[in-house]
Amino acid sequence: MPLTSYGPEWSASRRRGDERELETWLAFALALADMADGMAMGAFRRDLEITTKPDRTYVTQADRAIEEELRRRITDAFPGHGVVGEEFGTSQPDASVRWNLDPIDGTHNFMRGVPVFGTLLGIERDGELQVGVVSAPALGSRWYARRGGGAWAFDTGRAAAGPPRRIAVSKVSAVPDMALLYGSAQDVTSSGKAPGFEALIGDVWRDRGYGDFWGYVLVAEGAAEAMVEADLSAWDLAGPLVVVEEAGGRMTTFDGHRSIHERSAVASNGVLHEELLARLRTA
């Protein structure tokens with residue numbers, strides 16, 4: 001992928017459909033996030049029913065209840081749209097427009113009372129993501145974007161004040177000056193796809209393990225230069241990808257593919273992306 005394949009103008013070129021349609025989808029997605037925020041906070045730090053899925057990951061009744069309500073509302077409003085969700089799979093797999101849903105990203109945090117969790121929504125048309133919403137009610141924060149509309153953030157808590165603010169990635173261009181984020185260092189190392197990860201940590205200015213959605217939106221806001229994560233699903237990445245790209249950043253797999261279906265992700269400010277990929281792949 002050429003180095004110029006990132007930035008707001010490039011992201012806008014990925015738009016499929018007219019702006020009015022995307023604005024309609026975005027407004028509906030933001031309303032869905034309001035609903036999901038309320039349901040999640042109603043269950044947060046309460047007694048939860050927790051079960052283990054066949055893949056040994058955990059799920060709570062809140063995950064399932066939120067996704068069920070998201071699906072119901074999407075189907076009622078847009079009966080021709082498909083849905084891809086973490087808890088209940090795919091409906092209408094051949095639909096041109098599909099909603100990728102993660103009802104509670106950061107389920108382990110949610111279970112343990114850690115406020116870093118959120119609902120992720122990503123809308124795609126013919127395989128190209130068009131709208132992304134990331135809502136973190138316990139942090140009182142939300143981030144959103146649509147193709148050609150920029151990336152934005154606003155406060156949702158009681159102390160919320162002022163209109164949404166436009167966000168953009170940083171302009172840091174040297175590895176020794178950058179802040180590197182990651183989900184699980186153990187997952188990245190054990191994936192075998194990033195043999196240079198530990199050496200990269202030793203070369204950066206600052207590293208922190210801000211996992212799940214938070215790392216991606218911190219990159220989009222310019223608070224860090226890169227987020228590295230392994231062992232992911234499409235619904236983990238669909239919403240954050242649009243926010244990162246509309247903020248001027250770049251997001252690929254460890255192999256440099258622009259895909260949400262290959263289980264790994266490197267999000268960056270774009271300037272550092274090629275160097276990061278090379279370093280991660282080199283022991």
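Keep in mind that this is a model prediction, so the values were computed, not measured.

The subject of this paragraph is the packing of aromatic side chains. Summed over the entire model, instances satisfying the criterion amount to 10 aromatic pairs. Each ring, one from F44 and one from F117, has its centre 4.8 Å from the other, and the planes form 50 degrees; the classification is tilted. Here F117 lies in the loop between α4 (107-112) and β6 (118-125) and F44 lies in the loop between α2 (19-43) and β1 (50-52), a separation of 73 residues in the sequence. The pair formed by F44 and F117 is uniform in burial state, with each residue classed as buried. Ring geometry for F110 against F117: centres 4.9 Å apart, planes inclined by 75 degrees, an arrangement best described as edge-to-face. In this structure F110 comes out as buried when scored by relative accessible area, which is 0%.

With that settled, consider the pairing of strand β7 (residues 128-136). A large share of β7 lies buried, amounting to 9 of its 9 residues. Alignment of β6 against β7, held across 7 bridges, turns out to be antiparallel. Residue pairing in the sheet places L121 in a bridge with V133 of β7. Taking the residues between adjacent antiparallel strands as the criterion, β6 and β7 are bridged by 2 residues, where D126 takes a positive phi near 50 degrees. Sheet analysis places β7 next to strand β8 (residues 141-146), joined by 6 bridges and oriented antiparallel. Among the inter-strand pairings, V133 is bridged to a residue of β8, identified as Y144. Counting the residues between successive antiparallel strands, the hairpin from β7 to β8 contains 4 residues, one of them, G140, with a positive phi of roughly 65 degrees.

What counts and what doesn't
Residues numbered from 1 in each chain as written. Predicted model: local features only at pLDDT ≥ 70, side-chain atom pairs only at ≥ 80, totals over all residues. Heavy atoms only, no water. Phe/Tyr/Trp six-rings, centres within 6.5 Å; stacked < 30°, edge-to-face > 60°. Helix = DSSP H or I, 4+ residues; strand = E, 2+ residues; numbered from the N terminus. Buried < 20%, exposed > 50% of the residue type's maximum accessible area, 1.4 Å probe, protein only. Pairing = 2+ DSSP bridges.

Purely spatial values, then, with no claim about function.
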